[in-house]
Structure formats: C-alpha cells, structure tokens
Amino acid sequence: MAKVLVFIDNPGQALKKASLELLTMARSLGEPAVAFNGDLHNDVAETLAAYGAQAVYRPSVADLDDYLVGPKASYLAAAVQTAGATVVLTENSAEAKEVAARLGIKLGAGVITDVVAVDPDGTAHKSVLAGSYLTAAKATTPVAVLTVKANSLTPEPAVTGTAPASVTVDVPAGATTAAARITARSEKAASGRPDLAEARIVVAGGRGVDGNFGPVEELADALGAAIGASRAATDAGWIGHDAQIGQTGKTVSPQLYISAGISGAIQQKAGMQTAKVIVAVNKDAESPIFEIADFGIVGDLFQVLPQATAEIKKRRG
Ligand SMILES: Cc1cc2nc3c(=O)[nH]c(=O)nc-3n(C[C@H](O)[C@H](O)[C@H](O)COP(=O)(O)OP(=O)(O)OC[C@H]3O[C@@H](n4cnc5c(N)ncnc54)[C@H](O)[C@@H]3O)c2cc1C
C-alpha cells in the first residue's frame, strides 16, 4: 500500500479543517502518516489518530520556524525518506507551494499544485490557464508532491483510529546554514473572521463597492464568512492585499462565494470559479460574472446586500 505523507505545518491549538481534509484524502490513496511541525499536544495527537495517521514524523530541531521555507523542505525530504512515502500532500498556500517546489527539487519528484481531487491511482485534477480547462495529471516520478486546495473534500474521521507511532526525523546538518533567518515578526490584527483560503463561505467585493466595504462586511459577519476582494478593490487601497482573490491573489474554493460589484475578469475567475455555488450581485446584466454564477442578482449592491443581511439575521434570529 502506498505511504502517503501529509505535511502539517504549525497548526496551532487545533488542527485546521484543511489538514483534516488532507488526512481524509491521504486515506483514499494509501496509508497516511504525518510530517508534523508544531506543538503536538494531546488534542492534536488524538485528532491525528482519529483521522487515521499511522505515524507522526517530527523534526529533530525546534527552530524550523525561525527560517524561511528552505529548512522545512530539508526536514520534509528527510521525513519522506524515513517514511518511505511515495505521495506527499500539503496545503495550497503560497508558503506550502514553495516548500513543495523545493521538496520536488530535493527528491526529483513531480509537483502538482492547485489540486482539487486525486484518484486512487494518484491522478490529480486541477483547473489551469485561469480556469479555462480542467486537467488530469499524474507524476511519473517515484515520489509525487501534491498541493491541495482547501474545501476540495469533506473531512471524515477514520472508522478506527489507533495511536500513531511517533518518529523523530533528523533534520540534515547544515539545513539552516545558508537559509534566510526571520529576524522579527509582527502579529496581524485578528479580524475574528475565518481564514480566507479555507472559509466555507466568502463574500467578495470589487470596484463596485466604491470604497465602502461596510455592506460586504455586514453580510460576511451575518454568514460567518471570510471577506475577499478583486484586485481593483485592493489596488484602490479599500482593503488589504491579503484579501485579493484571483490569478495574482489567493485561490479559494468555498461552498458559497458571493461576488458583489465584481465584473468577473478572467484573472478574478481564476481564483474563485471552483466555488461550489456562486452568487453574483452586479448592476450590469451584461457583466461576465453572470456567465459563471449559479444565482445572479442584477441590482445595486448597496440595496441588495443589506436586504440579504437583514433577512439572514431575521431567520437566524
Ligand atoms: C496579470 C494580471 C493579473 C491580475 N490578477 C488579478 C487578480 O488576482 N484578481 C483580480 O480580481 N483581478 C486581477 N487582475 C485584474 C483584472 O483584470 C480586473 O481588472 C479586475 O478583476 C477588475 O476588478 P472588478 O471586477 O472589481 O472591477 P471592474 O471590472 O471595474 O468591475 C466593477 C463591477 O462592479 C459593478 N458595479 C459598479 N457599481 C455597482 C453597484 N453599486 N452594485 C453592483 N454592481 C456594481 C460594475 O457593473 C462592474 O461589473 C489582473 C490583471 C492582470 C493583467
């Protein structure tokens, strides 16, 4: 049976839903194990067991987070070799993709990014060229590295879970010698909203909000959603660049994506069109966003969004 190594990097106090999705996917491909970087306290260890991890590989050094991605890739390469893994699954964040790329170089492994599904034989599915085509791809190398978009599947615990074996992996001496060291960090102000990349619901605003994200925020908060934006909105400085969705922003794949005042340029679609349900609010009935919307509302977002927010609050009342 193929050994599948899931890289879980800094999960914090509880495992992220995206990590549980990766473990669920790993079980469909073979025998799952985890390369873990972070604080493995009891709750996390129990969840790993419940999701079928057979082994947990931990780095021999505690300071991987003091460096940019290079030493993490060195650790992961050592973990792959120790585990005898033939498939590696990671998140699809910018950092995880960079670790994956470096891991691919170290192991001579094929790397497939932006994956939304994997067949039991390792064939990965993804959309390419700004979402114009759906492709199936399979690495022909002994090890395949796949970065998987959040919300691509529903996480499910294993039928039986036994405590995984804990194995320490020697991070190669010199892994940090030439690596860039992080000298300072500043905490980002917490928004209280879910992480955009893994949110189940995203409400996104574009140039149509005309500098006022208030109605977008109120609808997002009524739904427990994350807030996204088009590049026009982030370039205008109405919201931070970390909210940008699209070809040069984040890729999201939520259950529900509400697009408000966004025209639906191909570069925007590239980051959101794998959302399960797309609702578009735009005052121009000819706007291209309606071509991919499951539900379209032709109207002024400043009238439509507050009505939706009020109705949702009333029903949740
Ligand atoms: C290399 C490259 C990379 C790019 N990467 C990205 C990217 O990652 N993400 C991204 O988003 N863009 C990206 N872009 C830019 C992209 O081409 C578009 O310019 C951008 O997405 C447009 O943003 P928008 O839809 O908010 O603005 P617009 O295209 O100006 O559309 C605004 C829409 O709001 C509607 N509207 C106006 N007022 C209201 C109202 N009151 N109520 C309802 N609707 C209203 C209008 O009818 C219009 O459809 C990229 C471009 C290039 C060249």
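Before any of the text, the structure's been laid out above.
On a predicted model such as this, the values are computed, not experimentally measured, just so you know. (Residues numbered from 1 in each chain as written. Predicted model: local features only at pLDDT ≥ 70, side-chain atom pairs only at ≥ 80, totals over all residues. Heavy atoms only, no water.)

This part is about the environment of proline 142. Tracing the backbone through its elements, the reader meets proline 142 in the loop between strand 8 (133-137) and strand 9 (144-148). On the accessibility criterion, proline 142 (68% relative accessible area) is exposed. Sequence spacing of proline 142 and alanine 310 is 168 residues, and the spatial spacing of their C-alpha atoms is 55 Å. (Helix = DSSP H or I, 4+ residues; strand = E, 2+ residues; numbered from the N terminus. Buried < 20%, exposed > 50% of the residue type's maximum accessible area, 1.4 Å probe, protein only.)

Turning to the side chain of serine 253, a few remarks are in order. Residue placement: serine 253 occurs in the loop between helix 6 (231-235) and strand 13 (256-260). A polar atom in the side chain of serine 253 sits 2.8 Å from the side chain of threonine 274. With residues up to four places along the chain from it excluded, the contact list for serine 253 reads Lys149, Ala150, Asn151, Thr274, Ala275 and Lys276. (Polar contact = N/O pair within 3.5 Å; in protein donor to acceptor, adjacent residues only side chain to side chain. Contact = heavy atoms within 4.5 Å.)

Core analysis: the largest hydrophobic core is formed by 27 residues, its most contacted members being Leu5, Ala35, Tyr57, Tyr75, Leu76, Ala79 and Val88. Put simply, the parts of the chain that give this core at least two residues each are strand 1 (3-9), strand 2 (31-37), strand 3 (55-59), helix 3 (70-83) and helix 4 (94-107). In terms of residue count, the dominant contributor to this core is helix 3 (eight residues). Apart from residues lying up to four places away in sequence, tyrosine 57 is in contact with Leu5, Ala33, Val34, Ala35, Phe36, Tyr75, Ala79, Thr82, Ala83, Val167 and Val169. Ranked by size, the runner-up nonpolar core spans 25 residues in total, among them Leu48, Val56, Ile112 and Leu146. (Core = buried A, V, L, I, M, F, W, Y, C linked by side-chain atoms within 4.5 Å.)

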